[in-house]
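Observations on the three-dimensional arrangement
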Amino acid sequence: MASDRRVLEVRSYKLKSGMSAEFHRAMSSEAAPMLRAWGTDVVALGPSPHEADSYFLIRSYADLDRRQREQDAFYASDAWRSGPRKSIVGKIESYLDTVLWLSPAGIDEIRTFNT
């Protein structure tokens, strides 16, 4: 049943050396609040505990189509392009998205343990 599961996207960033603190400030004070204002369920974000220049952003969506449509609209918006985009993108060396299905309860556990 579709309502018993959601798409969980884990975006893993490899940051340019020494950019972790600045990237976290920009993500937590600018990008994440903007994503939430657009209706995106930001589950968790932060520096990865295993490596100084790694960072994660976890988002939840109703389904794959919704994920694509919401991200296309957000990343094409003037608010993003004239807002924090430059300060965020310039600190990223590379990123990788992993997408999987998870129950709402599982997503809430990730939210609880990674805030």
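Presented here is a report on the structure given in the accompanying data block.

Reading guide: rules and limits
- Residues numbered from 1 in each chain as written.
- Predicted model: local features only at pLDDT ≥ 70, side-chain atom pairs only at ≥ 80, totals over all residues.
- Heavy atoms only, no water.
- Helix = DSSP H or I, 4+ residues; strand = E, 2+ residues; numbered from the N terminus.
- Rg over C-alpha atoms; globule rule 2.2 N^0.38 Å.
- Buried < 20%, exposed > 50% of the residue type's maximum accessible area, 1.4 Å probe, protein only.
- Contact = heavy atoms within 4.5 Å.
- Areas by Shrake-Rupley, 256 points an atom, 1.4 Å probe, with all protein chains shown as cover.
- Lys, Arg positive; Asp, Glu negative; His and termini not counted.
- Charge placed at Lys NZ, Arg CZ, Asp CG, Glu CD.
- Core = buried A, V, L, I, M, F, W, Y, C linked by side-chain atoms within 4.5 Å.
- Salt bridge = Lys/Arg side-chain N within 4 Å of Asp/Glu carboxyl O.
- Polar contact = N/O pair within 3.5 Å; in protein donor to acceptor, adjacent residues only side chain to side chain.
- Patch = residues over 30% accessible without salt bridge, like charges linked within 9 Å, V, L, I, M, F, W, Y side chains within 5 Å.

1. Considering the overall build of the protein chain
Counting its regular elements, the protein chain contains five helices and four strands. Put simply, the protein chain runs from its N terminus to its C terminus through helices and strands in the order β-α-β-β-α-α-α-β-α. A globule of 115 residues ought to have a C-alpha radius of gyration of about 13 Å, and the protein chain, at 14 Å, matches this closely. Within the protein chain, the fraction of its 115 residues that count as buried is 36%. Long-range pairs, those at least 24 residues apart, make up 73% of the contacts in the protein chain with a sequence separation of at least 6. If you sum the accessible surface of the protein chain, you get close to 6,600 Å²; carbon and sulfur atoms cover 54% of it. With 16 positive and 16 negative side-chain charges, the protein chain shows a separation of 4 Å between the mean positions of the two kinds.

2. Quick look at the nonpolar core
Tyr13, Phe23, Met27, Leu45, Tyr55, Leu57 and Ile88 are the most contacted members of the largest nonpolar core, which totals 17 residues. The set of elements that each furnish at least two residues to this core consists of strand S1 (6–15), helix H1 (20–37), strand S2 (41–47) and strand S3 (54–61). A total of seven residues in this core trace back to one element, the largest contributor, which is H1. If we skip the residues at most four places from it in the chain, Tyr55 touches Arg11, Ser12, Tyr13, Leu15, Phe23, His24, Met27, Leu45, Gly46, Pro47 and Ser48. Membership of the second largest hydrophobic core comes to six residues, among which are Leu8, Val43, Phe56 and Ile58.

3. Notes on the pattern of salt bridges
One pass over the structure, following the stated rule, counts twelve salt bridges. A salt bridge links Arg59 to Glu9; its shortest N-O distance comes to 2.8 Å. Residue Arg59 is found in strand S3, and its partner Glu9 is found in strand S1; the two are separated by 50 residues along the sequence. Classification of Arg59 as buried rests on a relative accessible area of 0%. We classify Glu9 as buried; its relative accessible area is 0%. Among the ionic pairs, Arg66 bridges to Glu70, the shortest N-O distance being 3.3 Å. Here the residue Arg66 and the residue Glu70 both occupy positions in helix H2 (residues 64–76), the gap between them amounting to four residues, near one helical turn. Arg66 gets classed as partly exposed once you look at its relative accessible area, which sits at 37%.

4. Describing the side chain of Arg59
At 3.0 Å, the side chain of Arg59 forms a polar contact with the side chain of Tyr75. Apart from the residues lying within four places of it in its own chain, the contact partners of Arg59 are Val7, Leu8, Glu9, Arg11, Leu35, Thr40, Asp41, Val43, Gln71 and Tyr75.

5. A closer look at the environment of Ala31
By secondary structure assignment, the location of Ala31 is in helix H1. Note: C-alpha distance between Ala31 and Pro84 (53 residues apart in sequence) is 6.3 Å. Residue contacts for Ala31: discarding those within four places in its chain leaves Ala26, Trp80, Pro84 and Ile88.

6. Quick word on a nonpolar patch on the surface
A grouping of Leu64, Val99 and Trp101 is seen on the molecular surface, where their side chains present a nonpolar patch of about 250 Å² in accessible area. Within the secondary structure, Trp101 is located in strand S4 (residues 92–102).

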